[in-house]
Amino acid sequence: MSLKSLKVSSRLVLMLAIALLGVVAIAAIALQQYRAQMVEDYRNKVRSIAEVGHTVLAHYHELERSGRLSRADAQSAAMATLRQVRYDGTEYYWINDTGPKMVMHPIRPELDGQDLSNNRDPNGKYLFREMVQVTTRDGGGFVEYMWPKPGFEEPQPKISFVKMFEPWGWIIGTGVYADDIGAAFMAHLRLFAALVLVLIAGLSAFAWRVVRSVTSQLGGEPGYASEVMQAFARGDLGASLDVEKAESDSLMRSLAEVQQSLKRLVADAEGLIQAAVAGQLSTRADASVHQGDYRKIVEGVNATLDAVIGPLNVAADYVDQIAKGQMPAKITDHYNGDFNALKNNLNSCIDAVNALIQDANGLAQAAIEGKLSTRADASHHRGDYRRIVEGVN
């Protein structure tokens, strides 16, 4: 099925639907990129916070190197400091060594001093072994695993950054729960979704007004309007146009008005033809019922009839007078083309008959006076008029 077979309103709605799908697709891509950026931002944040904890260890190690504190006191002071640190409400630092053995865990102190080498999360990951591997190989890095979270029965996904502190053989780590990232993302998602819904609602309302405006201006389907105009071009004015629901300034309403104007023009032309066939040569079309160029056409036809029939009426009247023996004066009005030839012929006829009458009157007067030898000059006449005069002579 081609687009041409669809109604214009359907095509406009389809265009709106495609536009809205495009908005939704762009929004989905934007959200996906935004979430990836959020995760990256959280990872960078965790890395930075781990670096701060690492700086705390370096500070107390420097106190040890300067002799101001013993190693045991420096380590105890460092653990005491880090044990008290909280950020984002509940997040913390912990320390384990490369054993791996827990050195300090502020939330689960029962783990302090325990061997963590066989500690696994619900997915079977040896998370502390991986921490040792990452820090031994790279000095520091991210480790993702499942870990108990206050308020939850089951361990939750966590992203942590761990870094080796070589002077003491410690690994300091800190992390955030992935569901915290998800919660922050969902908060932004709800706001973003509200904005997208407002945008979609606005686009839908605007598009609906455009659809209504276009269909109102057309008053019908463009394809049907094209068929009607083609029919008009062929001289077929019989199309039935449904314009009951069309606006007064719509295309279909205008086509209906064109149809009525053409029908009036055709009706007047047919009326003039029938009047001419019936010999009613004085009949004229009423130009006042037409407008613009249509009125000019009707006025032109009326003027043409006047120009044709006027001289014919004069000729008929002159022939009638001549037939009755009432010789009219010669025609002095100016006519164009063939009508001027008709005028000249009538004037010649009048001259010929007048000359015949004049000679007849002259012969009659001579006979009364007894001038029986008087004759008319037949050379002044032509045709049958000459033969009449010659016969009289």
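With respect to the overall build of the protein chain
Thinking step 1. When its secondary structure is counted, the protein chain shows nine helices and five strands.
Thinking step 2. Along the chain direction, N to C, the helices and strands of the protein chain fall in the order α-α-β-β-α-β-β-β-α-α-α-α-α-α.
Thinking step 3. For a compact globule of 393 residues, the expected C-alpha radius of gyration is about 21 Å, and the protein chain comes in at 57 Å, more than 25% above that figure.
Thinking step 4. Along the first, second and third principal axes, the C-alpha atoms of the protein chain reach 185 × 40 × 30 Å.

Digging into the packing of aromatic side chains
Thinking step 1. All chains considered together, the criterion is met by six aromatic pairs.
Thinking step 2. A ring pair is formed by Phe142 and Phe161, whose centres lie 5.0 Å apart and whose planes are at 70 degrees; its orientation type is edge-to-face. Linking Phe142 in strand S3 (residues 140-147) with Phe161 in strand S4 (residues 156-165), this pair joins segments that are 19 residues apart in sequence. This pair shows no difference in class: Phe142 is buried, exactly as Phe161 is.

Overview of the sheet that holds strand S1 (residues 93-97)
Thinking step 1. A sheet is described by the order of its strands in space; here five strands give the open sequence S2-S1-S5-S4-S3, paired in antiparallel fashion. Bordering the open sheet on either side are strand S2 (102-104) and S3, each of which pairs with just one other strand. Here the average twist between neighbouring strands, direction ignored, is 35 degrees.
Thinking step 2. Relative to S2, S1 runs antiparallel, the two being bridged by two bridges. In the strand pairing of S2, Ile95 is matched with Met104.
Thinking step 3. Along the sheet, helix H2 (residues 71-84) makes contact with S1, S2 and strand S5 (170-177), crossing S2 at roughly 75 degrees.
Thinking step 4. Contacts from helix H3 (residues 127-138) reach S1, S2, S3, S4 and S5, with the element oriented near 170 degrees to S3.

Notes on the layout of surface pockets
Thinking step 1. What the second largest pocket holds in volume is close to 170 Å³.
Thinking step 2. Forming the boundary of the second largest pocket are Thr90, Glu91, Tyr92, Ile107, Arg108, Trp147, Pro148, Lys149, Pro150, Phe152 and Tyr177.
Thinking step 3. Looking at the lining of the second largest pocket residue by residue, the classes come out as seven nonpolar, one polar and three charged.

Topic: empty space enclosed by the protein
Thinking step 1. Inspection of the entire model under this criterion finds two cavities of 30 Å³ or more.
Thinking step 2. The space that makes up the largest cavity amounts to roughly 50 Å³.
Thinking step 3. Taken together, Pro311, Val314, Ala315, Ile331, Tyr335, Phe339, Leu342, Lys343 and Leu346 make up the lining of the largest cavity.
Thinking step 4. The set of elements that each furnish at least two residues to the lining of the largest cavity consists of helix H7 (292-323) and helix H8 (337-368).
Thinking step 5. Top contributing element to the lining of the largest cavity by residue count: H8, with four residues.
Thinking step 6. Estimates place the volume of the second largest cavity at around 40 Å³.
Thinking step 7. Forming the boundary of the second largest cavity are Tyr92, Trp94, His105, Phe128, Tyr145, Trp147 and Lys158.

Calculation notes
Residues numbered from 1 in each chain as written. Predicted model: local features only at pLDDT ≥ 70, side-chain atom pairs only at ≥ 80, totals over all residues. Heavy atoms only, no water. Helix = DSSP H or I, 4+ residues; strand = E, 2+ residues; numbered from the N terminus. Rg over C-alpha atoms; globule rule 2.2 N^0.38 Å. Phe/Tyr/Trp six-rings, centres within 6.5 Å; stacked < 30°, edge-to-face > 60°. Buried < 20%, exposed > 50% of the residue type's maximum accessible area, 1.4 Å probe, protein only. Pairing = 2+ DSSP bridges. Axes fitted to C-alpha atoms, helices over the stretch in contact; angles between N-to-C directions. Contact = heavy atoms within 4.5 Å. 1 Å grid on protein atoms, 1.4 Å probe; cavity = no way out; pocket = protein on both sides within 12 Å on 5 of 7 lines; lining within 4 Å. Points joined across faces, edges and corners; volume = space filled by probe spheres on them. Nonpolar A, V, L, I, M, F, W, Y, C, P; charged D, E, K, R; others polar.

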